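Examining the three-dimensional arrangement
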Amino acid sequence: MKWINYESHLEILPPQVFSFAECLVFLGRSQEEVLHRLNDGYLYKLLLIEDEMILVKISEAEGIIKVEFPLGAPNISKRIQVVTHIEEWFDLHSDLEEFYQMANEDQLLKRMVEKYYGLRMIGIPDLFEALTWAIMGQQINLSFAYLLKKRLVESYGKSLTFEGDTYWIYPTYEVIANVKVEDLRNLQFTTRKAEYIIGIAKMMVSGEMTKERLKKQEYHELHTQLMKIRGVGAWTANYVMMKCFHQYSSFPIADVGLHNALKLQLGLENKPTIHDIRAIATNWEGWQSYATFYLWRSLYD
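Throughout what follows, the structure given in this document is the object of discussion. (Residues numbered from 1 in each chain as written. Predicted model: local features only at pLDDT ≥ 70, side-chain atom pairs only at ≥ 80, totals over all residues. Heavy atoms only, no water.)

We now examine the side chain of Glu 129. Counting through the fold element by element, Glu 129 comes out in helix α5 (residues 127–136). Buried charge without a partner: Glu 129 forms no salt bridge, and the closest opposite charge is Lys 149, 4.9 Å away. (Helix = DSSP H or I, 4+ residues; strand = E, 2+ residues; numbered from the N terminus. Buried < 20%, exposed > 50% of the residue type's maximum accessible area, 1.4 Å probe, protein only. Lys, Arg positive; Asp, Glu negative; His and termini not counted. Salt bridge = Lys/Arg side-chain N within 4 Å of Asp/Glu carboxyl O.)

In structure tokens form, the structure reads like this:
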């Protein structure tokens, strides 16, 4: 990824196929989101890099992503990590030409890619956040999942205040490993979800599970390893593979949002069955996650 370093800020040169505006639509889908803030076309996010909290202010103009540091510019080592995080967050390293070629030959996706051209997968670079956020969302509506995340973050995450607004960092697994099940029950987590989240934190503290080790796995082995984690089923594994590991063949086929989007876009009376979805997705091979993500985006028009 090409980027230019200046004294007070840095600039990232994204791929030609990139729409910051479309990404902001997806990032702005919930008023309960606490891990980033949108304000007048600017995207604010607090990052924890080498134990330092760094507030970034991200904007885009004339095809260039500008990253400012409202609370003071970090050193070059930390700037490199900021760029890496943004690259992963917006999936800037991927060549979408093959996806667009496939989508333009698909009657359903053709409309999606024309309407949301330049939208890229909004990822979750942190494995602990990706796994636990997916577990929070199991078998509940998205609004309540965001409420659970907000409570978890505000109870155990770090924060700072800038110009009257408070910015938060997702709790680390080191912190959550020392939390009791009853503590999360008090935040309205079910006992099972509390056990799963604390269990994952303890696995990561012990070194039993790391992103670095998992990302070396091939697709099927990665899926198998994730499914071995208590609390992780097929939907959660596929969600984490698409959002954290950029595995574009991952397909959360049982996802309620996907079903709702297909029902809406295809004008169906009822939600499609799994068998129906497999037939619809026949030509999506290798890009199922991007097809799913574009369909999710259609829910926020």
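Before going further, it helps to spend a moment on the packing of aromatic side chains. Ring pairs (aromatic) are described by centroid distance and by the angle formed between their planes. Enumeration according to the criterion identifies 25 aromatic pairs in this entry. Where Phe 99 meets Tyr 290, the ring centres are 5.3 Å apart and the plane angle is 45°; that geometry is what we call tilted. Within this pair, whereas Phe 99 is found in helix α3 (residues 97–104), its partner Tyr 290 is found in helix α15 (residues 288–297), the two being separated by 191 residues in sequence. Across this residue pair, the class does not change: Phe 99 and Tyr 290 are buried. Residues Trp 287 and Tyr 290 carry aromatic rings whose centres are separated by 5.9 Å and whose planes lie at 70° to one another, so their mutual orientation is edge-to-face. The buried category is assigned to Tyr 290, whose relative accessible area is 0%. Through a chain of ring-to-ring contacts, three or more aromatic side chains come together here, namely Phe 99, Tyr 100, Tyr 116, Tyr 117, Tyr 248, Trp 287, Tyr 290 and Tyr 294. (Phe/Tyr/Trp six-rings, centres within 6.5 Å; stacked < 30°, edge-to-face > 60°.)

Helical geometry note: an α-helix holds 3.6 residues per turn, so side chains three or four residues apart project in the same direction. All of the buried residues along α3 are Phe 99, Tyr 100, Met 102 and Ala 103. The buried residues of α3 all sit within an arc of 160° when viewed along its axis, so they share a single face. Opposite the packed face of α3, turned more than 90 degrees from it, sit the exposed residues Glu 97 and Glu 98. (Arc of directions from axis to C-beta.)

Further remarks concern the environment of Gly 41. Secondary-structure assignment places Gly 41 in the loop between β3 (37–39) and β4 (42–49). In the structure, Gly 41 is positioned 144 residues away from Arg 185 in sequence and 37 Å away in space, judged by C-alpha atoms. Beyond its immediate sequence surroundings of up to four residues, Gly 41 is in contact with Phe 20, Leu 24, Ile 58 and Ser 59. (Contact = heavy atoms within 4.5 Å.)

The phi torsion at Asp 51 lies on the positive side, around 65°, for a residue other than glycine. For Asp 51, a relative accessible area of 71% corresponds to the exposed category. Of note, Glu 163 is a non-glycine position whose phi angle comes to about 50°, a positive value. As for its placement among the helices and strands, Glu 163 is situated in the loop between β7 (159–162) and β8 (165–168).

Moving on to the pairing of strand β2 (residues 9–13). Counted residue by residue, β2 has 4 buried out of 5 residues, so it is predominantly covered. Pairing of strand β1 (residues 2–5) with β2 involves 4 bridges; the strand directions are antiparallel. From the neighbouring strand, Trp 3 faces β2, where its bridge partner is Ile 12. The hairpin turn running from β1 into β2, its antiparallel successor, is 3 residues long. Both β2 and strand β6 (residues 64–68) contribute to a ladder of 4 bridges, which runs antiparallel. Along β6, the bridge assignment pairs Ile 12 with Ile 65. (Pairing = 2+ DSSP bridges.)

Okay, the sheet that holds β3 next. Each strand in a sheet pairs with its neighbour through backbone hydrogen bonds, running either in the same direction (parallel) or in the opposite one (antiparallel). The strand order across the open sheet formed by 6 strands is β1-β2-β6-β5-β4-β3, and the pairing between neighbours is antiparallel. Strands with a single pairing partner mark the edges of an open sheet, and in this sheet they are β1 and β3. On average, each strand axis in the sheet is inclined to that of its neighbour by 25°, with strand direction left out of account. Sheet strands touched by helix α2 (residues 76–89): β1, β2, β4, β5 (52–61) and β6. Its angle to β4, the strand with the most contacts, is close to 120°. (Axes fitted to C-alpha atoms, helices over the stretch in contact; angles between N-to-C directions.)

Closest axis-to-axis distance for the α5/helix α9 (residues 191–206) pair is 10 Å, and the angle between their directions is 165°. Overall, the two elements α5 and α9 adopt an arrangement that is roughly antiparallel. Where α5 crosses over α9, the handedness of that crossing is right-handed. Contact with α5, carried on its side by Leu 127, Phe 128, Leu 131, Thr 132, Ile 135 and Met 136, involves Lys 193, Tyr 196, Ile 197, Ile 200, Ala 201 and Met 204 of α9 and no other residues of that element. Here the residues of the contact of α5 with α9 are counted per class, giving 10 nonpolar, 1 polar and 1 charged. (Parallel < 35°, antiparallel > 145°, perpendicular 65-115°, else oblique. Left-handed = near helix turned anticlockwise from the far one by under 90°. Nonpolar A, V, L, I, M, F, W, Y, C, P; charged D, E, K, R; others polar.)

Ranked by internal contacts, the top residues of the largest apolar core, which has 97 residues, are Phe 90, Leu 226 and Trp 284. If you look at the next biggest cluster of nonpolar residues, it comprises 7 residues, including Leu 55, Leu 160, Tyr 167 and Ile 169. (Core = buried A, V, L, I, M, F, W, Y, C linked by side-chain atoms within 4.5 Å.)

To continue, consider the pairing of β5. As paired elements, β4 and β5 share 7 bridges and run antiparallel to each other. Bridging from a neighbouring strand, Leu 43 pairs with Ile 58 of β5. Where β4 folds back onto β5 in an antiparallel hairpin, the turn is made up of 2 residues, including Glu 50, whose phi is positive at roughly 50°. By the bridge criterion, 5 bridges tie β5 to β6 in an arrangement that is antiparallel. From the neighbouring strand, Lys 57 faces β6, where its bridge partner is Glu 68. Between β5 and β6, which pair antiparallel in sequence order, lie 2 residues; one of them, Glu 62, sits at a positive phi of approximately 50°.

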